[in-house]
Amino acid sequence: MATNGTPKDEEKVKKTDRDLDLANSVRGVWLVKVPKYISDRWEKAAANTEVGKLRIRKVDGAKPEVNFTLSDAVCAPLAGLSDMDKLDLVRNSSTYQQIPKEHKFKVSSIAAQTLGVISHAIGDPENPPVVDKLAVEGKVVQRAECCPNNSSLYASIKKEALTKAGEPRRMVKQLDKHVTTSFKPVANHATNLAHERQKKAEGKKMRDDKDKVQEILFALFEKHQFYNIKDLAQET
């Protein structure tokens with residue numbers, strides 16, 4: 001007769017990387033699309049720091065008004081970048097200059113879709129019992145798009161993206177001073193001289209009789225099946 005498993009038996013079940021944690025599956029989350037320049041600044045921000053504040057104002061009979069304000073540290077221009085790094089940021093739809101502080105969420109419903117958020121925590125390779133963890137972080141209940149308010153900063157970012165997009169990565173520059181790191185032509189390189197000295201030290205090789213060379217080769221291959229061409233030249 002079969003019996004139901006006890007909690008003690010369930011604790012003995014070993015977790016694998018195929019287990020899915022559903023503890024937060026009923027939690028409602030928002031799916032928000034943000035501009036590339038915001039996501040880049042968030043990736044560069046230090047851990048456990050405030051990146052912005054969200055304000056939601058409910059309106060009767062209409063969609064809620066959602067405003068998002070970035071922190072001053074996130075909006076500040078990036079320092080210490082080379083010209084190539086700045087150009088790469090612009091080509092990737094981002095920027096190094098100051099970014100807009102005020103944004104607004106355009107909220108839309110997802111009644112016809114079922115979306116969720118899944119996280120993947122990588123385990124410790126040096127500690128085999130700690131395996132990768134998959135978890136459902138929640139069900140998407142609202143979709144929104146983060147859009148900057150009309151400002152001179154956003155206009156400057158878009159203008160820079162349009163002007164820099166057509167610039168080549170390699171450019172010709174006129175030198176204003178003499179280049180000191182130059183290479184003088186050499187009549188004969190050191191490697192060639194060393195090769196000539198080695199040839200003189202070994203001396204000129206004489207060609208032996210064909211039948212004699214064949215006999216030596218047959219005798220060598222009777223001993224071993226494979227030879228290096230240099231070894232054969234030495235033996236003959």
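Note that the structure is predicted; figures quoted are calculated from it, not measured. (Residues numbered from 1 in each chain as written. Predicted model: local features only at pLDDT ≥ 70, side-chain atom pairs only at ≥ 80, totals over all residues. Heavy atoms only, no water.)

Engineer: Which residues make up the pairing of strand β7 (residues 133–148), and what are the values?
Structural biologist: Strand direction decides the pairing type here: strand β1 (residues 20–21) and β7, joined by two bridges, are parallel. Bridging from a neighbouring strand, Asp21 pairs with Ala135 of β7. Where strand β2 (residues 28–33) lies against β7, six bridges are found, and the strand directions are parallel. Bridging from a neighbouring strand, Val32 pairs with Ala144 of β7. Here strand β6 (residues 116–121) pairs with β7 via six bridges, running antiparallel. By the bridge assignment for β7, Ala121 is matched with Lys133. (Pairing = 2+ DSSP bridges. Helix = DSSP H or I, 4+ residues; strand = E, 2+ residues; numbered from the N terminus.)

Engineer: Residues and numbers for the side chain of Ser94, please.
Structural biologist: With respect to the element layout, Ser94 can be found in the loop between α4 (83–91) and β5 (102–108). In this structure, Ser94 is in contact with Lys36, Tyr37, Asp40 and Leu89, ignoring residues within four places of it in sequence. (Contact = heavy atoms within 4.5 Å.)

Engineer: Break down the environment of Leu20 for me, citing the residues and quoting the values.
Structural biologist: With respect to the helices and strands, the residue Leu20 is situated in strand β1. For Leu20, the contacting residues outside a window of four places in its chain are Leu134, Ala135 and Val136.

Engineer: Can you lay out α4 for me, pointing to particular residues and giving the numbers?
Structural biologist: Because each turn of an α-helix spans 3.6 residues, side chains separated by three or four positions end up pointing in the same direction. Those residues of α4 that sit buried are Leu87, Leu89 and Val90. For α4, the buried positions fall inside an angular range of 160° around the axis, keeping them on one side. Residues of α4 that are buried make contact with α2 (36–44) and α5 (152–165). Directly after α4, the chain includes Ser93, whose backbone phi takes a positive value near 65°. (Buried < 20%, exposed > 50% of the residue type's maximum accessible area, 1.4 Å probe, protein only. Arc of directions from axis to C-beta.)

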